[in-house]
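# Fold and geometry: a report
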Amino acid sequence: MEHIYSLAEVDDLPPIIVHRTTMRVIDGMHRLKAAMLRGDDTIQAILHDCDDAGAFVMAVKSNIQHGLPLSLADRKAAAARIVRLYPRWSDRAIAEAAGLSAKTVGAIRRDTPGTAAEVRERVGRDGRVRPLNTVDGRRYASELIALYPDSSSREIARKAGISPSTVRDVRDRLNRGDDPVPARRRPGNPDDRLTPEHKLQERIKSLQSFDCRTDILQKLSKDPAVRLTDKGRAMLRWLSSQCQQTERGEEFLTDNAPEHCSELIADLACSFAAAWLSIAGEMRSRSQTQS
């Protein structure tokens, strides 16, 4: 009610968003109640034509961008519903809609029964469809290369359902006499648990107590020691930029990195993660000392 009273004092309320088919308010319920509170007969509205699922996603996106923010529990519940509505959406696409991290959405997906059945590919934030597992595609591409050696990588990629860069990597492996599927991607690979990535992930889990970047930044921004000092604001801007670069980098590298460079980029990412892990250990140690 306090938020509604404050909105009632605003002369020109922004338009609300309404689902044309059902006339339900998608975004702006507090503005609507504020207009009613002060006796307005009308309010500006934008009507959207979409199905119920699309209306729900639009409502969630709107409510994490302005107004009274959704709580972490609300956003997790919204993500669980979006996972059920759009099981083919990638974790990053759902994370962007719900204001969560992709890792949190992945955990929600694993805890949501039936969402992984028959789903062999995911649709990313850019609308591109990517297979969950390229093993079958690589095997099929190797057969096509043997049958049609003069076919272009793009043509084979289209038939096998993988990217042209993956096809080029398959060609290189076949030319060297290697298996078209890297050892790390083969089912039942006993070395999976020994990769640097898994070791870092286990170490991070032992230190991490709160995994949503958006919520962490919001908590920091509300701390007077951060918000009211030049050093604090500078630190917050730097951390925000790091989060944005990381989120953009995940999809950028997935889309643009050549297949044969994957190992080098993985090692580089591990070095960054190790550096941040060292910072995390230092910060955690300082926190425990002060308490």
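Everything that follows concerns the structure shown earlier in this document.
Summarised in this report is the structure supplied together with it. (Residues numbered from 1 in each chain as written. Predicted model: local features only at pLDDT ≥ 70, side-chain atom pairs only at ≥ 80, totals over all residues. Heavy atoms only, no water.)

Per the secondary structure count, the protein chain includes 14 helices and five strands. Put simply, the protein chain has 291 residues, and 31% of those count as buried. In the protein chain, once contacts between residues fewer than 6 apart in sequence are set aside, the share between residues at least 24 apart is 60%. Carbon and sulfur atoms make up 54% of the accessible area of the protein chain, which amounts to about 18,800 Å² in all. (Helix = DSSP H or I, 4+ residues; strand = E, 2+ residues; numbered from the N terminus. Buried < 20%, exposed > 50% of the residue type's maximum accessible area, 1.4 Å probe, protein only. Contact = heavy atoms within 4.5 Å. Areas by Shrake-Rupley, 256 points an atom, 1.4 Å probe, with all protein chains shown as cover.)

Because an α-helix completes one turn every 3.6 residues, residues spaced three or four positions apart along the sequence face the same direction. For helix H5 (residues 91-98), the buried fraction is high: six of the eight residues fall into the buried class. Restricting attention to buried positions, one finds in H5 the residues Asp 91, Ala 93, Ile 94, Ala 95, Ala 97 and Ala 98. Looking one or two residues past H5, Gly 99 carries a phi angle of roughly 70 degrees, positive in sign.

This part is about the nonpolar core. In a soluble, globular protein the nonpolar side chains are often hidden away together inside. By size, the foremost hydrophobic cluster in this structure holds 17 residues, and its most contacted members are Ala 79, Ile 82, Ile 94, Leu 100 and Val 105. For this core, the secondary structure elements donating two or more residues are helix H3 (52-65), helix H4 (72-85), H5 and helix H6 (102-111). The element best represented in this core is H4, accounting for five residues. Aside from chain neighbours lying at most four places away, what touches Val 105 is Val 83, Asp 91, Ile 94, Ala 95 and Leu 100. Counting residues in each nonpolar core, the second largest holds nine residues, with Ile 156, Ala 160, Val 167 and Val 170 among its members. (Core = buried A, V, L, I, M, F, W, Y, C linked by side-chain atoms within 4.5 Å.)

Moving on, we get to the sheet that holds strand E1 (residues 16-19). Here we have three strands laid out as an open sheet, ordered E2-E1-E3, and mixed in their pairing. At either margin of the open sheet sits one strand with a lone partner, and together these are strand E2 (24-27) and strand E3 (45-48). Each strand of the sheet is rotated relative to its neighbour by a mean of 40 degrees, with strand direction disregarded. (Pairing = 2+ DSSP bridges. Axes fitted to C-alpha atoms, helices over the stretch in contact; angles between N-to-C directions.)

This paragraph deals with a nonpolar patch on the surface. On the surface, Trp 238, Leu 268, Phe 272, Trp 276, Ile 279 and Met 283 cluster together to form a nonpolar patch covering roughly 630 Å² of accessible area. Of the residues forming the nonpolar patch, the biggest block, five residues, is contributed by helix H14 (residues 262-290). Topologically, Ile 279 is positioned in helix H14. (Patch = residues over 30% accessible without salt bridge, like charges linked within 9 Å, V, L, I, M, F, W, Y side chains within 5 Å. Salt bridge = Lys/Arg side-chain N within 4 Å of Asp/Glu carboxyl O.)

It is worth spelling out the pairing of E2 at this point. Within a regular strand, side chains alternate between the sheet's two faces. Where E1 and E2 come together, three bridges link them in antiparallel fashion. What sits directly across from Ile 17, in E2, is Asp 27. Between E1 and E2, which pair antiparallel one after the other, the connecting turn spans four residues, and Met 23 there sits at a positive phi close to 60 degrees.

Right, let's get into the pattern of salt bridges. In this structure the tally under the stated criterion is 11 salt bridges. We note a salt bridge from Arg 139 to Asp 179, for which the minimum N-O separation is 2.9 Å. In this pair, Arg 139 is assigned in helix H7 (residues 135-147) and Asp 179 in the loop between helix H9 (164-176) and helix H10 (196-207), connecting sequence segments 40 residues apart. Residue Asp 179 is classed as partly exposed on the basis of its relative accessible area of 26%. Three or more residues are tied together by salt bridges with common partners; here these are Arg 138, Asp 169 and Arg 173.

We now examine the packing of H4 against H6. Put simply, H4 and H6 touch, their axes get as near as 10 Å, and they point 60 degrees apart. Classified by the angle their axes make, H4 and H6 are oblique. You can see that H4 and H6 cross each other, and the crossing is right-handed. On the side of H4, the interface is formed by Lys 76, Ala 79, Ala 80 and Val 83, while H6 contributes Thr 104, Val 105, Ile 108 and Arg 109. Tallied by class, the residues present in the contact of H4 with H6 amount to five nonpolar, one polar and two charged. (Parallel < 35°, antiparallel > 145°, perpendicular 65-115°, else oblique. Left-handed = near helix turned anticlockwise from the far one by under 90°. Nonpolar A, V, L, I, M, F, W, Y, C, P; charged D, E, K, R; others polar.)

What follows concerns the packing of aromatic side chains. Summed over all chains, the structure comprises two aromatic pairs. Ring centres of Tyr 86 and Trp 89 lie 4.3 Å apart, and the angle between their planes is 15 degrees; on these two criteria the pair is classed as stacked. Given a relative accessible area of 23%, Trp 89 falls into the partly exposed group. Across the ring face of Phe 56, the terminal group of Arg 81 is positioned such that the distance to the ring centre comes to 4.0 Å. Positioned over the ring face of Tyr 148 is Lys 159, at 5.3 Å from the centre of the ring. (Phe/Tyr/Trp six-rings, centres within 6.5 Å; stacked < 30°, edge-to-face > 60°. Lys NZ or Arg CZ within 6 Å of the ring centre and 35° of its normal.)

Shape is all these values report; function is a separate question.
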